[in-house]
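# Working through the structure, step by step
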Amino acid sequence: MSLLGLLVAFGGGIFGAAIGALPAFTFVGFLTMIGVAIQLAVAPEATDFFGIPFGAFGPHTGGFAAGVAAAAYAAKKGKLDSGRNIVTAGMGLNSPDVLLVGGIFGVVGYLIFWALTFVPSFGEGLAFSDLPAVGVVISAFIARFLWGTCGFCGKADPGRGFFHPTDATKWLAFQSSFAQIGVIGLGGGLLGGWLGVSYGVPGALLAFGIAASSLLFLTLGVLTPVSHHIMLPAALAGVASGSVVWGAVIGILSAFLGEFFARAFLCHGDTHVDPPACAIAVMTFVVNLLSFLGFWALVPLPV
């Protein structure tokens, strides 16, 4: 942790809130792809090309979480239609206090990430989980408890099962049926697994970058699948196991886990708690734990 880091996180948080959480996250995706391209082209063994998309402007700071918190605050103050609105650019609200909340949560995310680095890891190169994803989740719940009115999970409509939300309250109505979830989990898992097997850790980052940047189309109204929580764990499984098939298995599990977290924390809430971040945090923990236990060598797959 450094004063420079805190200042950059504050500035990045303001910028992230100004352009909106989801647009900011697409920038993280593009920055990640650029970093991977540079690394594979000029320095395959280097690891320092990702200080912007996973540090100064990471998902846990201005690259997503700051915009989520700013949206929750803006909705509480009656300046935004819903705290779940992570697409609208905060700059357009003509309210500097909303942007300052983004800056503050950029710092909050920076401090959360710093604190998480003290959690024991599984070993060399195996953190306990994906720290930016865990930071996004913690930051979102802080914002919910500050400005939301739904409590931890929210409350289902009278007469309706908690895990059976209406289309109006679903996370992604076009990506909520079991068939849709299974197929996109399979496709994203195979692609992510192949990138991990083929290019190692840079391939896993590339899988994340491709999926995250594709959400640019979602901000434009195209019903694009949300798949970074599928492709990243699948790629990590590919790196660990050397198997595209294991990537597909992890991809399918991650897809369903994302929908579970959507129904548990988002569908009945009035602020945004990110289902993909929840799924990535859990599945990275699972993949790293299985690696630590030697599971992939015990259960090898031919492809």
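Residues numbered from 1 in each chain as written. Predicted model: local features only at pLDDT ≥ 70, side-chain atom pairs only at ≥ 80, totals over all residues. Heavy atoms only, no water.

### Examining the overall build of the protein
Helix and strand counts for the protein stand at 12 helices and zero strands. Ordered by position in the sequence, the α and β elements of the protein form the string α-α-α-α-α-α-α-α-α-α-α-α. The C-alpha radius of gyration of the protein comes to 18 Å, within 12% of the 19 Å expected for a compact globule of 303 residues. For the C-alpha atoms alone, the extent of the protein along its principal axes is close to 55 × 50 × 35 Å. Counting all 303 residues of the protein, 53% fall into the buried class. Nonlocal contacts in the protein, meaning residues at least 24 apart in sequence, comprise 74% of its contacts between residues at least 6 apart. (Helix = DSSP H or I, 4+ residues; strand = E, 2+ residues; numbered from the N terminus. Rg over C-alpha atoms; globule rule 2.2 N^0.38 Å. Buried < 20%, exposed > 50% of the residue type's maximum accessible area, 1.4 Å probe, protein only. Contact = heavy atoms within 4.5 Å.)

### A look at a nonpolar patch on the surface
A surface patch of nonpolar side chains, about 460 Å² in accessible area, is lined by Phe30, Leu216, Phe217, Leu220 and Val222. As for its placement among the helices and strands, phenylalanine 30 is situated in helix H2 (residues 21–42). (Patch = residues over 30% accessible without salt bridge, like charges linked within 9 Å, V, L, I, M, F, W, Y side chains within 5 Å. Areas by Shrake-Rupley, 256 points an atom, 1.4 Å probe, with all protein chains shown as cover. Salt bridge = Lys/Arg side-chain N within 4 Å of Asp/Glu carboxyl O.)

### Description of helix H1 (residues 3–19)
The first and last C-alpha atoms of H1 sit 25 Å apart over 17 residues, in line with the 24 Å expected at 1.5 Å per residue. Residues of H1 that are buried sit in contact with H2, helix H4 (65–76) and helix H5 (96–116). Just beyond H1, the residue with positive phi is glycine 20, at close to 100°. (Expected span 1.5 Å × (residues − 1).)

### Points about helix H10 (residues 244–266)
Over its 23 residues, H10 runs 31 Å from end to end, which matches the ideal 33 Å to within 8%, given 1.5 Å per residue. With 17 of 23 residues buried, H10 lies mostly within the body of the structure.

### Some remarks on the packing of H5 against helix H6 (residues 131–147)
Interhelical geometry of H5 versus H6 gives an angle of 130° and a closest axis separation of 9 Å. Relative to H6, the element H5 lies oblique. Two packed elements cross with a definite hand, and for H5 against H6 that hand is right-handed. Of the residues in H6, those in contact with Val101, Phe105, Val108, Ile112, Phe113 and Leu116 of H5 are Leu131, Pro132, Val134, Gly135, Ile138, Ser139, Ile142, Ala143, Leu146 and Trp147. (Axes fitted to C-alpha atoms, helices over the stretch in contact; angles between N-to-C directions. Parallel < 35°, antiparallel > 145°, perpendicular 65-115°, else oblique. Left-handed = near helix turned anticlockwise from the far one by under 90°.)

### Notes on the pattern of salt bridges
Scanning the entire structure with this criterion turns up three salt bridges. A salt bridge links aspartate 97 to lysine 79, with the shortest nitrogen-to-oxygen separation between them at 2.7 Å. Of the two residues, aspartate 97 sits in helix H5 while lysine 79 sits in the loop between H4 and H5, which places them 18 residues apart along the sequence. Exposure remark for aspartate 97: the relative accessible area of 24% places this residue in the partly exposed category. For lysine 170, the salt bridge is made with aspartate 167, and the minimal N-O distance between the two is 3.0 Å. Overall, lysine 170 belongs to the buried group, its relative accessible area being 19%. Judged by relative accessible area, aspartate 167 falls into the exposed class, the value being 55%.

### Concerning unusual backbone geometry
The residue asparagine 94 is not glycine, and still its phi comes out positive at about 55°. Mapped onto the secondary structure, asparagine 94 falls in the loop between H4 and H5. The class of asparagine 94 is exposed, set by a relative accessible area of 70%.

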